[in-house]
Amino acid sequence: MKKLFTLIIMAGLAFTTQAQNITNTLGATGKLEVKTSGGVEALTVTDGSQVIISNVASPTPKTGVILDLNSTDKTLQFPMLSFNTYVGVTAHGAGRMFWDSDNNRFGMFYGTDILDFARIIDSRDGPASLKYVQGNPAGTSIYIGLDAGNGYNSGAGPNNGDQENVAFGHDALYSIGTADGTGSLAEQNTAIGGSAGYNVTTGQGNTALGFTAGVTGDAGGGELDYTTAIGYGAITTADNQIMLGRTVDHVVIPGKANIRDVLNLKPMSAAPSSPVNGDLYVNSTDNHIYCYLGGVWKQLD
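(A) Quick peek at the sheet that holds strand 21 (residues 296-299). One open sheet accounts for four strands, arranged 18-19-20-21; its pairing is mixed. In the strand order of this sheet, the two ends are held by strand 18 (267-268) and strand 21, each with one partner. Sheet analysis places strand 20 (residues 288-293) next to strand 21, joined by four bridges and oriented antiparallel. Across the sheet, residue Tyr-290 finds its bridge partner in strand 21, namely Gln-299.

(B) Here's a closer look at the sheet that holds strand 4 (residues 67-70). In space, the four strands of this open sheet follow the order 1-2-3-4, with mixed pairing throughout. This sheet does not close on itself; its edge strands, each paired only once, are strand 1 (31-35) and strand 4. Pairs of neighbouring strands in the sheet enclose a mean axial angle of 10°, with direction left out of account. Bridge count between strand 3 (residues 51-54) and strand 4: four bridges; the pairing is parallel. Residue Ile-53 lies in a different strand from strand 4, and its bridge partner there is Leu-69.

(C) Representation of the packing of aromatic side chains within the structure. For the structure shown, the criterion picks out five aromatic pairs. Ring centres of Tyr-281 and Tyr-290 lie 5.5 Å apart, and the angle between their planes is 20°; this geometry places the pair in the stacked category. Residue classification places Tyr-281 among the buried positions, given a relative accessible area of 6%. Three or more aromatic residues link up through ring pairs in this structure, and these residues are Tyr-281, Tyr-290, Tyr-292 and Trp-297.

(D) Main features of the pattern of salt bridges. Counted by the stated rule, this structure contains three salt bridges. For Arg-246, the salt bridge is made with Asp-249, and the minimal N-O distance between the two is 2.7 Å. Owing to a relative accessible area of 38%, Arg-246 belongs among the partly exposed residues under this scheme.

(E) Examining the side chain of Gln-50 more closely. For Gln-50, the position within the fold is in the loop between strand 2 (41-46) and strand 3. Residue classification places Gln-50 among the buried residues on the basis of a relative accessible area of 15%. Polar contacts involving the side chain of Gln-50 include one to the main-chain carbonyl oxygen of Lys-62, which spans 2.6 Å. Reaching out from Gln-50, the side chain makes a polar contact with the backbone oxygen of Val-65 at a distance of 2.9 Å. Contacts of Gln-50, omitting those with residues within four sequence positions, involve Thr-44, Val-45, Pro-61, Lys-62, Gly-64, Val-65 and Ile-66.

(F) Representation of a nonpolar patch on the surface. Residues Phe-168, Ile-192, Leu-209, Ile-230, Ile-242, Leu-244, Val-251 and Ile-253 make up a contiguous nonpolar surface patch of about 730 Å² in total accessible area. Mapped onto the fold, Ile-242 is located in strand 17 (residues 242-244).

What counts and how
Residues numbered from 1 in each chain as written. Predicted model: local features only at pLDDT ≥ 70, side-chain atom pairs only at ≥ 80, totals over all residues. Heavy atoms only, no water. Pairing = 2+ DSSP bridges. Helix = DSSP H or I, 4+ residues; strand = E, 2+ residues; numbered from the N terminus. Axes fitted to C-alpha atoms, helices over the stretch in contact; angles between N-to-C directions. Phe/Tyr/Trp six-rings, centres within 6.5 Å; stacked < 30°, edge-to-face > 60°. Buried < 20%, exposed > 50% of the residue type's maximum accessible area, 1.4 Å probe, protein only. Salt bridge = Lys/Arg side-chain N within 4 Å of Asp/Glu carboxyl O. Polar contact = N/O pair within 3.5 Å; in protein donor to acceptor, adjacent residues only side chain to side chain. Contact = heavy atoms within 4.5 Å. Patch = residues over 30% accessible without salt bridge, like charges linked within 9 Å, V, L, I, M, F, W, Y side chains within 5 Å. Areas by Shrake-Rupley, 256 points an atom, 1.4 Å probe, with all protein chains shown as cover.

This is how it looks when you write it as structure tokens:
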């Protein structure tokens, strides 16, 4: 009978304990510690509302941090959620993060009504994540695209003294180099398009817009300065030169062209093929200027 009475009392105490909160009021400098069998403070709660989870003995709470994960050999595992399961769910608050196990990327809830995913730069995902995005913090340069600024990426490119180079596209500013013999740096070059500005090494102030547009690939071409190449395959061959399109292309100006400097016609050994009325050329043999009018070339000077 005594044994039965004792069991009834113990069961009642257990039931009462289950129904109660366990409260511990810390002192001004107190803390609650949960230690491992080896004496390591695995969980610490300080009077400053800081929680430390650690596998390091005697961790020091960092100032201004509410949750401190303290370890030298362990990582943080985010909850792994299925994208297909949680698309459209509206019960999640803004700022909550997880690992999207369907697409192997981080997910973030931006609001209570919208579930969206924040993509991180991933070199495995090609153009979709702007492969090999890299920049030069001290020089404010940025290279976006597979092998864009390859010289920089390989360690042979400009050091932190370079300034404001911008490349966007596969192989754009591919050959960007270090200081040349005079100490000049590759600076203020802009290249947009696949292989645009490919040959620029130590040149500065060059602009290339279009697939393979840029400076000549001949010896010294990468050192040209202040050139502008616009259009597919447009190539500049001298400093301060502007090239619109390829050498075989026609540049058509539908209105009036106002030339405020010198019009330089490159001498040719033979008349251009398939001319139209109004075409001009300089004959390099007799050094005369010819204009195509009424189906024939007429000497103007």
